[in-house]
Amino acid sequence: CFTTGRGLSHAEQALEILASVGACDDRPFRMLRDLVLQHAGAVSSCIIILLRWDEPRRELVRRLRSVGLSPLVLVVAEPHLAGPVRAAAAEDKPDNFHVLEAGKIVEGLKGLGELIP
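Computed from a prediction, not measured in an experiment: that's the story for all the values here. (Residues numbered from 1 in each chain as written. Predicted model: local features only at pLDDT ≥ 70, side-chain atom pairs only at ≥ 80, totals over all residues. Heavy atoms only, no water.)

**Concerning the pattern of salt bridges**
Inclusion rule: By convention in these notes, a salt bridge is any Lys or Arg side-chain nitrogen within 4 Å of a carboxyl oxygen on Asp or Glu. Three labels apply to residues, based on accessible area from a 1.4 Å probe with only protein chains included: buried if under 20% of the type maximum, exposed if over 50%, partly exposed otherwise in between. Helical segments are the DSSP runs of H or I of at least four residues, strand segments are the runs of E of at least two, and each set is numbered from the N terminus.
Throughout the structure, instances matching the rule amount to six salt bridges. Between Arg-33 and Asp-34 there is a salt bridge, with its nearest N and O atoms 2.8 Å apart. Arg-33 sits in the partly exposed class, given a relative accessible area of 24%. A salt bridge links Asp-95 to Arg-65; its shortest N-O distance comes to 3.7 Å. A residue pair is termed long-range when its members are at least 10 positions apart, and Asp-95 in the loop between helix H4 (79–89) and strand E3 (97–101) and Arg-65 in helix H3 (residues 55–66) qualify at 30 residues. For Asp-95, a relative accessible area of 47% translates into the label partly exposed. Arg-65 sits in the partly exposed class, given a relative accessible area of 38%. One salt-bridge network, in which partners are shared between bridges, spans Glu-55, Glu-59 and Arg-62.

Written as structure tokens, this is what we have:
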């Protein structure tokens, strides 16, 4: 958990923390889901960075939307999987959903505009 806002940390610090986050494959996704949902009522915005787009992740986004949040969802995929991830999300794609190709993250973020200072 990291809190930003007026009188707290600056956006640059938040970006530094996001840049240092690594993948976690040794714990079930439900642990992250539960932690995020536990804090959902206390946040005004949410950025979710995922390495896949499947039913548990769709459900997390749906639940966040049900409590009034509109999370920015970034799915990082290998280039050969980016198209299939976009296709899988086409039917239920939430607002603010973007697929970023591994190896082209900076280019993908630049395409989002307001995320890059």
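Text resumes after the structure shown.
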